[in-house]
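What follows is the residue order along each chain.
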Amino acid sequence: MDFPQTREGLRLRIYLGESDRWRGKLLYVAILDVLRQQKVAGATVLRGISGFGAHAYLRSADLEVLSSDLPIIIEVVDTPEKIHQALESISPMVQEGMITLEEVNILKYTQRLLNPLPAERLVSEVMTRNVIHLTPEMSVRQAWQRMLESGIKAMPVVDAEGQVVGILTSEDLLERGVIRQRLSVAVRLDESELQEEMRLLSDSPLRVKDVMTQPVITVREDEHLGKAVRRMIEKGLKRLPVVNARNQLVGMLSRLDVLRQISGTVALPESAAAVRGAVRTVGEVMRTDLPVIHLHEGIDQIVEKFAASASNRLLVVDEHRNPLGVLSDSDVVARVEAAQRKGVLHALRRLASPPPLKVTAADLYSRGVLTVPPDFPIASAVQTMLAEGRKVLAVVDEAGSLLGVVDRQALMEALYADFAEIPGAGE
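Values in this document were obtained by computation on a predicted structure and should not be read as measured data. (Residues numbered from 1 in each chain as written. Predicted model: local features only at pLDDT ≥ 70, side-chain atom pairs only at ≥ 80, totals over all residues. Heavy atoms only, no water.)

1. Here's the deal with helix α9 (residues 225-235)
Then step 1. Turning to α9, its buried residues are Leu 225, Gly 226, Ala 228, Val 229, Arg 231 and Met 232.
Then step 2. Two residues or fewer past α9, Gly 236 is found with a positive phi of approximately 65°. (Buried < 20%, exposed > 50% of the residue type's maximum accessible area, 1.4 Å probe, protein only. Helix = DSSP H or I, 4+ residues; strand = E, 2+ residues; numbered from the N terminus.)

2. Side note on the sheet that holds strand β15 (residues 313-317)
Then step 1. Reading across from one edge, β14-β15-β16-β17 is the order of the four strands in this open sheet, with mixed pairing throughout. Each having just a single partner strand, β14 (292-294) and β17 (366-367) make up the two edges of the open sheet.
Then step 2. Pairing of strand β16 (residues 323-328) with β17 involves two bridges; the strand directions are antiparallel. Each bridged residue has a counterpart across the sheet, and for Val 326 the counterpart in β17 is Ser 366. (Pairing = 2+ DSSP bridges.)

3. What about the pairing of β15?
Then step 1. A large share of β15 lies buried, amounting to four of its five residues.
Then step 2. Two strands pair when backbone bridges link them, and β14 and β15 are joined in this way by three bridges, in the parallel orientation. Considered in β15, the bridge of Val 292 is made with Leu 315.
Then step 3. As paired strands, β15 and β16 are joined by five bridges and run antiparallel to one another. By the bridge assignment, Arg 313 is partnered in β16 with Ser 328.
Then step 4. Linking β15 back to β16 in an antiparallel pair, the connection comprises five residues, with Arg 321 at a positive phi of about 65°.

4. Re the nonpolar core
Note that soluble globular proteins tend to have their nonpolar side chains buried in a common cluster.
Then step 1. Ranked by internal contacts, the top residues of the largest apolar core, which has 41 residues, are Trp 144, Leu 168, Leu 173, Ile 302, Leu 327 and Val 332.
Then step 2. Apart from the residues within four sequence positions on either side, Leu 168 is in contact with Leu 134, Ala 143, Met 147, Lys 153, Ala 154, Met 155, Val 157, Leu 173, Val 208, Val 211 and Met 212.
Then step 3. Leu 117, Val 285, Leu 370 and Ile 378 belong to the second largest nonpolar core, which has 36 residues in total. (Core = buried A, V, L, I, M, F, W, Y, C linked by side-chain atoms within 4.5 Å. Contact = heavy atoms within 4.5 Å.)

5. Focus: helix α2 (residues 80-90)
Then step 1. Buried within α2 we find Ile 83, Ala 86, Leu 87 and Ile 90. In a view along the axis of α2, the buried residues occupy a sector of 110°, so they form one face of it. Facing away from the buried side of α2, by more than 90 degrees, are the exposed residues Glu 81 and Glu 88.
Then step 2. In this fold, the buried residues of α2 make contact with β1 (7-17), α1 (27-37), β7 (71-78) and β8 (98-106). (Arc of directions from axis to C-beta.)

6. Describing the side chain of Ser 170
Then step 1. Note on placement: Ser 170 falls in helix α5 (residues 170-175).
Then step 2. On the accessibility criterion, Ser 170 (2% relative accessible area) is buried.
Then step 3. Leaving out residues up to four positions away in the same chain, Ser 170 has contacts with Trp 144, Met 147, Lys 153, Ile 179 and Leu 183.

7. A closer look at the confidence of the model for the protein
Then step 1. For the protein, the mean per-residue pLDDT works out to 84, and 86% of the residues sit at or above 70.
Then step 2. Low pLDDT, under 50, characterises residues 265-278; the stretch is placed with 33 contacts to residues that sit more than four places away or in other chains.
Then step 3. Predicted confidence for residues 421-427 stays below pLDDT 50, and this span has 22 contacts to residues more than four positions away or in other chains. (pLDDT = per-residue confidence, 0-100.)

8. Structural notes on unusual backbone geometry
Then step 1. Along the chain, Gln 214 connects to Pro 215 via a cis peptide bond; the corresponding omega equals -5°.
Then step 2. Mapped onto the secondary structure, Pro 215 falls in the loop between α8 (208-211) and β11 (219-220).
Then step 3. The phi dihedral of Asn 130 is positive, around 50°, even though this residue is not glycine.
Then step 4. When you line up the elements, Asn 130 lands in the loop between α3 (123-126) and α4 (140-150).
Then step 5. A relative accessible area of 78% means that Asn 130 is categorised as exposed.

9. Overview of the environment of Tyr 365
Then step 1. The residue Tyr 365 is located in the loop between α15 (361-364) and β17 in this model.
Then step 2. The class for Tyr 365 is buried, based on a relative accessible area of 9%.
Then step 3. Filtering out sequence-adjacent residues up to four positions away, Tyr 365 remains in contact with Leu 295, Val 316, Leu 324, Gly 325, Val 326, Leu 327 and Arg 335.

10. Description of the packing of α4 against helix α7 (residues 191-202)
Then step 1. Where α4 meets α7, the axes come as close as 8 Å, and the angle between the chain directions of the two elements is 150°. With respect to α7, the element α4 is oriented roughly antiparallel. Across the interface between the two elements, Val 140, Arg 141, Trp 144, Gln 145 and Leu 148 from α4 touch Leu 194, Glu 197, Met 198, Leu 201 and Ser 202 from α7.
Then step 2. Split into classes, the residues belonging to the contact of α4 with α7 amount to six nonpolar, two polar and two charged. (Axes fitted to C-alpha atoms, helices over the stretch in contact; angles between N-to-C directions. Parallel < 35°, antiparallel > 145°, perpendicular 65-115°, else oblique. Nonpolar A, V, L, I, M, F, W, Y, C, P; charged D, E, K, R; others polar.)

Given below as structure tokens:
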């Protein structure tokens with residue numbers, strides 16, 4: 001069998017006696033503890049039935065010999081970097097014995113508990129069915145109306161034969177100047193403000209085919225989830241239309257669909273500190289370039305930080321950097337006075353300076369944010385996030401001070417990264 005995508009690794013073997021000790025502990029047990037602390041992929045202890053070393057002292061399990069000092073071999077396979085790092089700690093511990101090192105080709109390494117992404121599942125088993133879609137000849141007003149009514153900000157476009165010819169998102173409409181705010185903001189406007197926008201759209205001659213994204217990136221229903229997730233990550237997409245062999249729309253695969261496969265499927269420890277590094281933690285994948293706003297900061301700082309972070313969401317913290325809640329651009333629009341709303345919308349779109357409002361983040365934000373420690377496993381983070389219906393988790397230290405944040409995209413990428421380390425995964 002040909003394995004074209006093998007990885008280079010090292011095999012470490014440590015030869016010692018069963019009764020050898022290190023600082024009052026059996027040596028092989030002490031070495032295993034060090035290997036766990038170093039987060040190597042794993043280690044195996046082999047207990048021989050007979051053998052002898054440099055002093056020609058026979059070690060045997062024969063009842064006539066009655067020896068309790070059988071030969072022991074500890075075998076470890078991991079990346080060269082991990083092995084060399086472990087050797088720095090282990091080598092001084094082996095005062096009598098032998099250590100060998102040899103190059104190996106790693107064909108496959110996976111553990112379902114530690115890599116909970118069910119990458120082998122078919123997309124058809126995971127996707128969302130009965131998808132709301134658009135047609136190329138629809139007016140932009142009709143398309144926007146359908147998005148507002150459904151709360152769905154991305155819809156595939158299909159022709160008369162049901163084939164996918166494009167995809168239209170609220171961002172497409174916003175970038176092309178068709179609408180004036182994102183869907184999450186628009187749904188929180190007053191009815192009169194929405195009707196004004198719909199009247200403007202009625203005058204537009206544009207059709208869906210004029211503003212949709214094409215060609216569209218799709219995934220086949222008979223492809224594996226691992227391959228689909230790789231495509232989403234490589235292309236920077238949150239969702240993919242799912243098609244059959246005739247390119248006809250049969251569903252949609254979203255980031256949320258992927259993460260739902262993790263929720264409830266694994267039971268991981270509260271801390272991953274004693275588990276191999278494949279149990280990725282939020283501390284390893286969190287963002288530290290935080291879009292943060294303090295309670296006392298006003299509308300000028302709020303608009304400035306939205307623009308600087310290219311984010312639609314800011315984390316609100318107190319004077320001790322303890323996270324208190326989230327401030328979204330839709331929160332700002334919904335909670336300012338109606339007379340000032342248009343000015344705020346223009347400021348958020350960088351069309352004008354913010355109006356002179358005596359409001360701060362404390363007046364506008366949504367209270368409550370989920371917090372987790374940095375050693376919280378990412379699979380558990382997915383479960384927590386979905387169970388609470390949140391898009392962001394704040395990572396805090398023992399004092400509750402903010403260290404970073406993780407969102408759905410970061411968690412999906414981390415789950416896929418663990419799976420993708422297996423040669424051939426996602427192919």
